[in-house]
Amino acid sequence: CCTIILIPFGKQCCKIAHFSLLPFGMHTHHKHGCLCRCPHVIGNILWLPIGLSLAATHILAAVVFFISICGIPFGYQHCKLARLAVWPFGAEIRAQHEVNGVLLP
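Residues numbered from 1 in each chain as written. Predicted model: local features only at pLDDT ≥ 70, side-chain atom pairs only at ≥ 80, totals over all residues. Heavy atoms only, no water.

Undergrad: Got a minute to help me understand the packing of aromatic side chains in this structure?
TA: Following the criterion strictly, the structure yields two aromatic pairs and no others. When the ring of Trp47 is compared with that of Phe89, the centres are 6.5 Å apart and the planes differ by 80 degrees; the resulting orientation is edge-to-face. Taken together, the residues Trp47 in helix H2 (residues 37–65) and Phe89 in the loop between helix H3 (72–86) and strand E2 (91–95) connect sequence positions 42 residues apart. On the numbers, 5.8 Å between centres and 35 degrees between planes, the contact of Phe65 with Phe74 is tilted. A relative accessible area of 41% places Phe74 in the partly exposed class. (Phe/Tyr/Trp six-rings, centres within 6.5 Å; stacked < 30°, edge-to-face > 60°. Helix = DSSP H or I, 4+ residues; strand = E, 2+ residues; numbered from the N terminus. Buried < 20%, exposed > 50% of the residue type's maximum accessible area, 1.4 Å probe, protein only.)

In structure tokens:
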């Protein structure tokens, strides 16, 4: 992050990298009803050219993984990554069994 303007984009890159490293047992949740939605929308629009190319590679990888039965879980994770790659602003990464910030047994 060279400038102050690029710090939010660097945070989104770190979010995608963390989700790419440990995708199993996690899911993305997009915030709805947030009072500050305008910055998220502007950030997502500026991110769109980069996000579409990243999402296209994840979709291509998902198609390759869906060919074999053993690769189906990995293909599903790539589909989740493609969704996050297109609209990263306003998305949270949560554990699969987490509800309102509380981990369920």
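The structure having been displayed, the exposition proceeds.
Undergrad: Before we go on, may I ask you to explain the nonpolar core in this structure?
TA: Counting 10 residues, the largest nonpolar core consists of Phe9, Ile16, Phe19, Met26, Trp47, Leu81, Leu84, Phe89, Ala91 and Ala95. Top element by residues in this core is helix H1 (residues 7–21). It accounts for three residues. (Core = buried A, V, L, I, M, F, W, Y, C linked by side-chain atoms within 4.5 Å.)

Undergrad: Can you help me understand the side chain of Gln77 in this one?
TA: Among the secondary structure elements, Gln77 is positioned in helix H3. Gln77 gets classed as buried once you look at its relative accessible area, which sits at 9%. In this view, Gln77 contacts Pro23 and Phe24; residues no more than four positions away in its chain are not counted. (Contact = heavy atoms within 4.5 Å.)

Undergrad: Help me understand a nonpolar patch on the surface, please; the structure alone is not making it clear to me.
TA: Judged by side-chain polarity, Phe66, Ile69, Ile72 and Tyr76 come together as a nonpolar surface patch covering roughly 450 Å² of accessible area. Structurally, the position occupied by Tyr76 is in helix H3. (Patch = residues over 30% accessible without salt bridge, like charges linked within 9 Å, V, L, I, M, F, W, Y side chains within 5 Å. Areas by Shrake-Rupley, 256 points an atom, 1.4 Å probe, with all protein chains shown as cover. Salt bridge = Lys/Arg side-chain N within 4 Å of Asp/Glu carboxyl O.)

Undergrad: Explanation requested: the environment of His78 in the structure shown.
TA: With respect to the helices, strands and loops of the structure, His78 is situated in helix H3. Here His78 falls in the buried class, since its relative accessible area comes to 18%. The contacts of His78, once residues within four sequence positions are left out, are His58, Ala61, Ala62 and Phe65.

Undergrad: Sorry, what's going on with the packing of H1 against H3 here?
TA: The description of two packed helices rests on the angle between their axes and on the distance between the axes. Between H1 and H3, the shortest axis-to-axis distance is 10 Å and the interhelical angle comes to 175 degrees. Considered as vectors, H1 and H3 are oriented roughly antiparallel to each other. Note on element contacts: H3 touches H1 through Lys80, Leu81, Leu84 and Ala85, opposite Lys15, Ile16, Phe19 and Ser20. A breakdown of the residues in the contact of H1 with H3 according to their chemical character gives five nonpolar, one polar and two charged. (Axes fitted to C-alpha atoms, helices over the stretch in contact; angles between N-to-C directions. Parallel < 35°, antiparallel > 145°, perpendicular 65-115°, else oblique. Nonpolar A, V, L, I, M, F, W, Y, C, P; charged D, E, K, R; others polar.)

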